[in-house]
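Here's the letter readout for the chains.
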Amino acid sequence: MWWLFYCVLTRYTQLNLIKKTRSMQKTYPIGIRQEKYLTTNLDVIVVDNQHCYAVIALQGAQVLSFIPKKTMPPTDRLWLSRGNQYTINKAIRGGIPLCFPWFGPHSNPNYPSHGFARNKIWQCEDIRLEHDQSHILKFKLGHDEETHAVWPYKFVLELTIHCADTLQLDFKLTNLDTAKFDFTFAWHSYFNVDLSSTEIYGLQGLSYIDQLTNTTNLQSEQFLMIEREVDRIYPQTHGEYVIQSKAVEPIKITTNTESVVVWNPWIEKSKKLSDVIDEDWKNFVCVENGQVATAVQTLDVNQTASYQLNIA
Ligand code: BG6
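Counting starts from 1 at the beginning of each chain's written sequence and moves along it residue by residue. Where totals are concerned, whole chains, interfaces and linings use all residues; where local detail is concerned, this predicted model gives features only for residues with pLDDT of at least 70, and gives and counts side-chain atom pairs only at 80 or more. Here the side-chain values reflect all heavy atoms present in the structure, with hydrogen atoms and water set aside.

A. Just the overall build of the chain, in detail. From N to C terminus, the chain includes three helices and 23 strands. Seen through its principal axes, the chain has C-alpha atoms that stretch 90 × 50 × 40 Å. The burial tally for the chain puts 49% of its 312 residues in the buried class. Residue contacts follow a heavy-atom distance rule, with two residues in contact if any of their heavy atoms lie within 4.5 Å. Taking the contacts inside the chain whose residues are at least 6 apart along the sequence as the reference set, 61% of them involve residues at least 24 apart. Using a 1.4 Å probe, accessible areas were evaluated by the Shrake-Rupley method; residue-level cover was limited to the displayed protein chains. Summed over all atoms, the accessible surface of the chain reaches about 16000 Å², with 53% contributed by carbon and sulfur. Measuring between centres, the 29 positive side-chain charges of the chain sit 7 Å from its 33 negative side-chain charges. Numbered from the N terminus, helices here are DSSP runs of H or I no shorter than four residues, and strands are runs of E no shorter than two. Burial classification: accessible surface area is computed with a 1.4 Å probe over protein chains only, and a residue below 20% of its type maximum counts as buried, one above 50% as exposed, and the rest as partly exposed. When charges are counted, Lys and Arg are positive and Asp and Glu negative, with His and the chain ends excluded. Every charge is mapped to an atom, namely NZ of Lys, CZ of Arg, CG of Asp or CD of Glu.

The structure is reproduced here in C-alpha cells:
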C-alpha cells in the first residue's frame, strides 16, 4: 500500500516538474529566435521574415540592425559600431538607442547621459506574427529602485517595434505617479551612410541650436551636408526627412515628433569616443527624432503620451 502511494507521489511530482519547465521555456512565432549577439554576452531577438532581417537587443529594446529585403543588394539601414564592448550598463553605440527620460547630459554629472532607458534590460512582452508575415514586438520598461534614484516617478514605457519592409517604432509612456512629470526623449538613430556624399533633406527654413557654438541659427540650404563636426538641435520640425547617400537607397523618415538632432563627431571628437574605432565616423550620421529642447513634454497623472517613427 505504502509502495503504491510512493509511486503515485513520485509520478505526480515528475509530471509537475515537466509542466513547470515547459511553461518556463519561451516559444516564439516562426521567424523569431532569441540568442547571444555574435560572440558577445548580449541577449538579442533576431527577426527574419519575408520582409526584413532585424536584430533587437533586450538592453534598451535597441534595434541594432534593420535590413529590408526588397532593396537590392539588401543593405543595413543602421550603423552599429565595431568598437562596442557590450558590457553591462554601458550604452551601445549604433542602431537606435532610446534616450529617456532626458536627452543629453543631466545637470548631475553622476547621472547617465541621455537617461537610463538605453542602459536598462527591457521585458519582451509579446511577439506577434501578422497576416502579411511581418512581426510586431512589444517591449516594456517600468520604474524600479534604480530608475527612482535618478528620476523619482512611477511610469511604464512601452516600445512597439513593427518589422516589415519598413521599420515602425511606437513609443507609449504612461504616468503611474501621483504627480505630473516632465520628460524629453529621442530615438538616437545611427544611419548607415557614406558621409562624404550624404545630403539630409527636410530641414530648410528651420531654426536650430548649434550645440558647438551655443548659438541659434536658421538653415537656408535645401539640404545639410556634413563637412565638419555637427551637433544641431532643430526643436520644431515638419517630421519628414530624406537622407541621400551614395551606394545606399535613400532613407525616408516620417514621425509625429517635433524635434530632430543631427550629429556626427567627425575626426577629433571620434578620437575621444573609445567605442568608435578607425575612421568609422565616416560611415554614419545620426538623425535623432523626438521631443527635446523646447519641445519638453509634461505628462499628467494617469495620462499617456505616444509617438511614432517610421524608417523606410
Ligand atoms: C547627440 C548629442 O545626440 O549624442 C551629442 O547631441 C552627443 O552632443 C551625442 O555627443 C553622443 O552622446 P553619447 O552619450 O551617446 O556619447
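B. A look at the state of the cysteines. Cysteine sulfur atoms that pair up within 2.5 Å are treated as a disulfide. Counted according to the given criterion, the structure contains zero disulfides. Cysteine C124 shares no disulfide, and the gap to the nearest cysteine sulfur, in C163, comes to 11 Å. By relative accessible area, which is 12% here, C124 ends up buried. Take C163: it sits in no disulfide, and the sulfur closest to it among the cysteines is that of C52, at 4.9 Å.

C. Region of interest: the pairing of strand 4 (residues 62–68). Within strand 4, seven of the seven residues are buried, which leaves it mostly tucked inside the rest of the structure. Sheet analysis places strand 3 (residues 52–57) next to strand 4, joined by six bridges and oriented antiparallel. Considered in strand 4, the bridge of V55 is made with S65. DSSP-based pairing: two strands are paired if at least 2 bridges between them are found. Adjacent in sequence and paired antiparallel, strand 3 and strand 4 are bridged by four residues, among which G60 carries a positive phi angle near 75°.

D. Representation of the packing of aromatic side chains within the structure. Ring pairs are drawn from Phe, Tyr and Trp, using the six-membered ring of Trp, whenever the two centres fall within 6.5 Å, and their geometry is named by plane angle: stacked under 30 degrees, edge-to-face over 60, tilted for the rest. One pass over the full model with this rule turns up 28 aromatic pairs. Arranged with centres 5.6 Å apart and planes meeting at 70°, the rings of W151 and F155 form a pair that is edge-to-face. Assessed through its relative accessible area of 1%, F155 is described here as buried. With 6.1 Å between their ring centres and 40° between their planes, W263 and F284 make a pair best called tilted. Of the two residues, W263 sits in strand 20 (residues 259–264) while F284 sits in strand 21 (residues 284–291), which places them 21 residues apart along the sequence. Taking relative accessible area as the criterion, W263 reaches 9% and is therefore assigned buried. In this arrangement the basic side chain of R232 is found over the ring face of Y208, its NZ or CZ atom lying 3.9 Å from the centre. The criterion for a charge sitting over a ring is simple: Lys NZ or Arg CZ within 6 Å of the ring centre, and within 35 degrees of the ring normal.

E. Region of the structure containing the site of the ligand. Around the ligand, the structure places R93, F103, S113, H114, R118, H188, Q211, D231, V261, W263, K269 and E288. The separation between an oxygen atom of the ligand and a polar side-chain atom of R93 is 3.1 Å. Contact between the ligand and Q211: an oxygen atom at 3.2 Å from a side-chain N or O atom of the residue. Burial of the ligand by the surrounding chains reaches 82%, relative to a free accessible area of 400 Å². Taken together, the residues that form the shell around the ligand break down as three nonpolar, four polar and five charged. We call a residue near a given molecule or strand whenever any one of its heavy atoms falls within 4 Å of it. Polar contacts here mean pairs of N or O atoms no more than 3.5 Å apart (in protein, one a potential hydrogen donor and the other a potential acceptor; neighbouring residues in sequence count only if both atoms are side-chain atoms). We call Asp, Glu, Lys and Arg charged. Ala, Val, Leu, Ile, Met, Phe, Trp, Tyr, Cys and Pro are nonpolar, and the rest, Gly among them, are polar.

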